[in-house]
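Examining the three-dimensional arrangement
These are the residues of each chain, in order.
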Amino acid sequence: MSKIQFTLEIYETQEEIRQHIQECEGKHSQQVAYSSFHDVLTQVCFTCKKVRTNKRKGESRRRGYLQGIKEENKAWRTVHNKRYFG
Ligand SMILES: [Zn+2]
C-alpha cells in the first residue's frame, strides 16, 4: 500500500475554495464536502494532493475542529431525540 501525503491549506473564505474547485474541475480527481453546521467547505484534490478548507466564521482560536464535531453530533442528537423521544 502506498501512502499519499496531503497538504492542508486553510483559506479565509469559501469563495477561495470554490475557485480552486473550479480550477481542478474536469482535470483533477477531487472530492468536495460541505458542512452546513460549520459553514465550512472542504475540497480534497487527489491530483494536487491538497486538502483545502475555509475557516469557520467567528470561530475562536481555542475551539478546535474536534470540539466542533462533538457539537455537531450533539446538535444532531438533539434533533433526533426530539423527533423520536418527544
Ligand atoms: Zn487539483
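Residues numbered from 1 in each chain as written. Predicted model: local features only at pLDDT ≥ 70, side-chain atom pairs only at ≥ 80, totals over all residues.

A count of helical and extended segments in the chain gives two helices and four strands. For the chain, the succession of helices and strands along the chain, N to C, is β-α-β-β-β-α. Buried residues in the chain amount to 8% of all 86 residues. Of all intrachain contacts in the chain linking residues separated by at least 6 positions in sequence, the fraction that spans at least 24 positions is 48%. (Helix = DSSP H or I, 4+ residues; strand = E, 2+ residues; numbered from the N terminus. Buried ≥ 20, exposed ≤ 12 C-beta atoms within 10 Å, placed from the backbone. Contact = placed C-beta atoms within 7 Å.)

Here four strands make up an open sheet; going across it, the order is β1-β4-β3-β2 and the pairing mixed. In this open sheet, the two strands that pair with only one neighbour each are β1 (7-11) and β2 (30-35). Going from strand to strand, the sheet's axes swing by 15 degrees on average, the running direction of each strand aside. (Pairing = 2+ DSSP bridges. Axes fitted to C-alpha atoms, helices over the stretch in contact; angles between N-to-C directions.)

What follows is about the environment of Arg52. Along the chain, Arg52 falls in strand β4 (residues 50-54). Residue Arg52 is classed as buried on the basis of its C-beta count, with 25 C-beta atoms lying within 10 Å. Taking the C-alpha atoms as reference, Arg52 lies 9.9 Å from Phe6; in sequence the two are 46 residues apart. Setting aside chain neighbours within four positions, we find Arg52 in contact with Glu9, Tyr11, Ile17, His20 and Gln43.

This part covers the environment of Val44. Within the secondary structure layout, Val44 lies in strand β3 (residues 40-45). Val44 sits in the partly exposed class, given 16 other C-beta atoms within 10 Å. In the structure, Val44 is positioned 13 residues away from Gln31 in sequence and 5.1 Å away in space, judged by C-alpha atoms.

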